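# Fold and geometry: a report
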Amino acid sequence: MRAPLAKYGMRIDNLADAYAVWWIGAWQATRGSTDDPSQAATAAVRQQVMRTMAAVPEFAKANDTLKQSMSEALFMQALLLGVGLEQAKGNAAQTKAIGRAAADGARGMGLDLTAMTLTDDGFKPVD
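Residues numbered from 1 in each chain as written. Predicted model: local features only at pLDDT ≥ 70, side-chain atom pairs only at ≥ 80, totals over all residues. Heavy atoms only, no water.

## Considering the overall build of the protein
Keep this limit in mind: Going along the chain from the N terminus, every DSSP run of H or I of four or more residues is numbered as a helix, and every run of E of two or more is numbered as a strand. We compute the radius of gyration from the C-alpha atoms alone; for a globule the expected value is 2.2 Å times N to the 0.38, where N is the number of residues. For each residue, the accessible area found with a 1.4 Å probe, counting protein chains only, is set against the maximum for its type, and the residue is called buried under 20%, exposed over 50%, and partly exposed in between. In this analysis, two residues are considered to be in contact whenever any of their non-hydrogen atoms come within 4.5 Å of each other. Charge counting treats Lys and Arg as positive and Asp and Glu as negative, with His and both chain ends excluded. Lys charges are placed at NZ, Arg charges at CZ, Asp charges at CG and Glu charges at CD.
Looking only at helices and strands, the protein has 6 helices and 2 strands in total. The secondary structure elements of the protein, listed N-terminal to C-terminal, are α-α-α-α-α-α-β-β. For the protein, the C-alpha radius of gyration of 14 Å lies close to 14 Å, the compact-globule estimate for 127 residues. Across the 127 residues of the protein, 39% fall into the buried class. Sequence separation of at least 24 residues holds for 70% of the intrachain contacts in the protein that already meet a minimum separation of 6. Across the protein, the mean location of the 13 positive side-chain charges is 1 Å away from that of the 13 negative side-chain charges.

Here it is as structure tokens:
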């Protein structure tokens, strides 16, 4: 994942980058999209994640081992969603199932992906 992340100025060893990649990938999965997000949108989401992590004391207290484990899990989930969507192309039922799984997983992390849209300013509430 190093090369695809580098084009967005992201790294595999950064928890905020992993979360941003997962968040965008999960949101895209709920829409059945495999399009590359814009660099502006990706940078804005990364900033949203960094602000949130800075405001949550548990992230500041997390040790490197925990951060690495979280990063790996988030990157793996994002990768599986992307691969699943690619393989499901042309199969509406499978694409929809992947989207539901992504939405359910995000809800478990406190995010309602159906209530947001991705813009070049990051995620915003749906009007």
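## A look at the environment of Ala-115
Summarising the element assignment, Ala-115 is placed in the loop between helix H6 (92–108) and strand S1 (116–119). Note: C-alpha distance between Ala-115 and Pro-4 (111 residues apart in sequence) is 28 Å. Among residues more than four places away in sequence, those in contact with Ala-115 are Lys-124, Pro-125 and Val-126.

## Overview of a nonpolar patch on the surface
Quick reminder of the rule: Excluding any residue in a salt bridge, patches collect residues exceeding 30% relative accessible area, merging like charges within 9 Å and nonpolar Val, Leu, Ile, Met, Phe, Trp and Tyr side chains within 5 Å. The accessible surface values rely on the Shrake-Rupley method and a 1.4 Å probe; as for residues, cover is taken only from the protein chains in view. Put simply, a salt bridge is a Lys or Arg side-chain nitrogen that is within 4 Å of an Asp or Glu carboxyl oxygen.
Together, Met-1, Ile-12, Met-76, Leu-79, Leu-80 and Val-83 make up an exposed nonpolar region whose accessible area comes to about 500 Å². With respect to the helices, strands and loops of the structure, Leu-79 is situated in helix H5 (residues 64–88).

## Describing the side chain of Gln-48
Mapped onto the secondary structure, Gln-48 falls in helix H3 (residues 39–55). Setting aside anything within four residues of it in sequence, one finds Gln-48 in contact with Trp-23, Gly-122 and Phe-123.

## As for the environment of Met-70
Locating Met-70 in the fold gives a position in helix H5. Considering only alpha carbons, one finds Met-70 and Leu-15, 55 residues apart in sequence, at a separation of 7.1 Å. When residues no more than four places from it in sequence are discounted, the contact partners of Met-70 are Leu-15 and Phe-59.

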